[in-house]
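Spelled out from the first residue to the last, the chains are:
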Amino acid sequence: MKVVISLGGIFFVDAAHIKAVAAVLEELANSHTIYVVTGGGQPAREYIAIARELGANEAVCDYIGIMATRLNAKLLISALHNACPEPLADYKEVAEVTAKGVIAVLGGVSPGYTTDAVAAILAEYVNAELLLSVTSVDGVYDADPNVYPNAKKYERLTPKELLSIVMKEELKAGSRIVIDPIAAKIIERSGTKTIVIDGSNPRNISDAVIGKHSGTEINSTQ
Ligand code: UTP
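Here the structure is a predicted model, which means the values were calculated and not measured.

J.: When you look at the overall build of the chain in this model, what are you seeing that I'm missing?
T.: Looking only at helices and strands, the chain features 8 helices and 9 strands. Relative to a compact globule of 222 residues, whose C-alpha radius of gyration would be 17 Å, the chain shows 16 Å and is just as compact. In terms of principal-axis extent, the alpha carbons of the chain reach across some 45 × 40 × 30 Å. Relative to its full complement of 222 residues, the chain shows a buried share of 50%. Long-range contacts, defined here as pairs at least 24 residues apart, represent 69% of the contacts in the chain between residues at least 6 apart. A total accessible area of about 10700 Å² is found for the chain, and carbon and sulfur atoms account for 54% of it. Distance from the positive charge centre (20 side chains) to the negative charge centre (26 side chains) of the chain: 2 Å.

Written out as structure tokens, the structure is:
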């Protein structure tokens, strides 16, 4: 199975966690084709905030965010034994890498969206069977659960429902959204089965690949 994994930037602050994620990815790569897209996390947001204060426009801030996502991609590559040596910068480069049985690792690609959208576009491009969005929350809620403790988690959503939930969000460089609206739009047009899960335990990633998860599943055939 072709599996694209969007790995939130929050998971790149501690070497032990990166190692544990890398071990799970390598295990998965024995029986699946694995593509990973890394987020930029707090460093991306901090650099973007400084750039904005200096007068940089949103597109310039996006490029700064992309650099941070690529740094995290390089960290993940450092922990993997069978990955491409550098983060890939173009969707069209992945086939050459995965044909050799190697894990494809990408950071950001171009301004205007986040690595969720990169992962969604990549999943569409390679006809992936599954897109996993690995975040710090355990699914999609009707409001930010960190701010609203009574927020309701969705177990299942259609791509259309997901789109109507995330469309209200602002798409500025560095903004915090569980899935960005561009990603949701791509998921809607491609119909890629998508699962949003909590990545604090890396085992959740391999469990989700075999259908065991307590996150939110986005599927047009439900
Ligand atoms: P992230 O993908 O890290 O944003 O990109 P995120 O969704 O907040 O993910 P986490 O929190 O790391 O999990 C960081 C910023 O980099 C720019 C955007 O400004 C984004 O907000 N970016 C990233 C792009 O412009 N294009 C890309 O392809 C990727």
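So, next bit.
J.: It is not clear to me how the pattern of salt bridges should be interpreted in this structure. Could you clarify?
T.: When the charged atoms of two side chains with opposite charge come close together, those side chains can pair. Counted by the stated rule, this structure contains 9 salt bridges. Residues Glu58 and Arg52 are paired through a salt bridge, measuring 2.9 Å at the closest nitrogen-oxygen approach. Note on Arg52: relative accessible area 31%, which makes it partly exposed. Ionic pairing is found between Glu188 and Lys160, a salt bridge with its closest N-O pair at 3.0 Å. You can see Glu188 sitting in helix α7 (residues 181-190) and its partner Lys160 sitting in helix α6 (residues 159-166), a full 28 residues away along the chain. Of the residues examined, Glu188 reaches a relative accessible area of 23% and is grouped as partly exposed.

J.: How do you make sense of the pairing of strand β2 (residues 33-38) when you look at a structure like this?
T.: For a regular strand, side-chain orientation follows a simple rule: the groups alternate between the two sheet faces. Burial analysis of β2 places 5 of its 6 residues in the buried class, the great majority of the element. As judged from the 6 bridges shared by strand β1 (residues 2-7) and β2, these two strands associate in the parallel manner. Bridge assignment links Val3 to a residue of β2, and that residue is Ile34. Handedness of the β1-helix α1 (residues 15-29)-β2 crossover: right-handed. Inspection of the sheet shows β2 paired to strand β3 (residues 104-106) by 3 bridges, in the parallel sense. From the neighbouring strand, Tyr35 faces β3, where its bridge partner is Ala104.

J.: Please explain the environment of Phe12 as it appears in this structure.
T.: On the secondary structure map, Phe12 appears in the loop between β1 and α1. Phe12 gets classed as buried once you look at its relative accessible area, which sits at 8%. C-alpha separation for the pair Phe12 and Thr38, spaced 26 residues apart in sequence, amounts to 8.9 Å. Residues contacting Phe12, with those up to four places away along its chain left out, are Leu7, Ile18, Thr38, Gly39, Asn72, Leu75 and Leu76.

J.: Help me understand the packing of α1 against helix α3 (residues 58-79), please; the structure alone is not making it clear to me.
T.: Packing of α1 against α3 brings their axes to within 9 Å, and their N-to-C directions diverge by 65 degrees. Judged by the inter-axis angle, α1 sits roughly perpendicular to α3. Judged by the twist between their axes, the crossing of α1 over α3 is right-handed. Contacts between α1 and α3 involve Ile18, Ala22 and Leu25 on the former and, on the latter, Leu75, Leu76 and Ala79.

J.: What exactly am I supposed to notice about the nonpolar core here?
T.: One recurring pattern in soluble globular proteins is that nonpolar side chains are buried together. Core analysis: the largest hydrophobic core is formed by 65 residues, its most contacted members being Val4, Leu76, Leu132 and Ile205. Sequence-distant contacts of Val4, that is, excluding residues within four places in its chain, are made with Tyr35, Val37, Ala119, Leu122, Ala123, Val126, Ala128, Leu130, Leu131 and Leu132.

J.: Explain the sheet that holds β2 to me, please; I cannot follow it from the model alone.
T.: The 7 strands are arranged β3-β2-β1-β4-β8-β9-β7 in an open sheet whose pairing can be described as mixed. At either margin of the open sheet sits one strand with a lone partner, and together these are β3 and β7 (156-157). Relative to strand β8 (residues 194-198), strand β4 (residues 130-135) is paired through 5 bridges, and the arrangement is parallel. Each residue of the ladder has a partner; that of Ser133, found in β8, is Val196.

Cut-offs applied
Residues numbered from 1 in each chain as written. Predicted model: local features only at pLDDT ≥ 70, side-chain atom pairs only at ≥ 80, totals over all residues. Heavy atoms only, no water. Helix = DSSP H or I, 4+ residues; strand = E, 2+ residues; numbered from the N terminus. Rg over C-alpha atoms; globule rule 2.2 N^0.38 Å. Buried < 20%, exposed > 50% of the residue type's maximum accessible area, 1.4 Å probe, protein only. Contact = heavy atoms within 4.5 Å. Areas by Shrake-Rupley, 256 points an atom, 1.4 Å probe, with all protein chains shown as cover. Lys, Arg positive; Asp, Glu negative; His and termini not counted. Charge placed at Lys NZ, Arg CZ, Asp CG, Glu CD. Salt bridge = Lys/Arg side-chain N within 4 Å of Asp/Glu carboxyl O. Pairing = 2+ DSSP bridges. Right-handed = clockwise from strand over helix to strand, strands pointing away. Axes fitted to C-alpha atoms, helices over the stretch in contact; angles between N-to-C directions. Parallel < 35°, antiparallel > 145°, perpendicular 65-115°, else oblique. Left-handed = near helix turned anticlockwise from the far one by under 90°. Core = buried A, V, L, I, M, F, W, Y, C linked by side-chain atoms within 4.5 Å.

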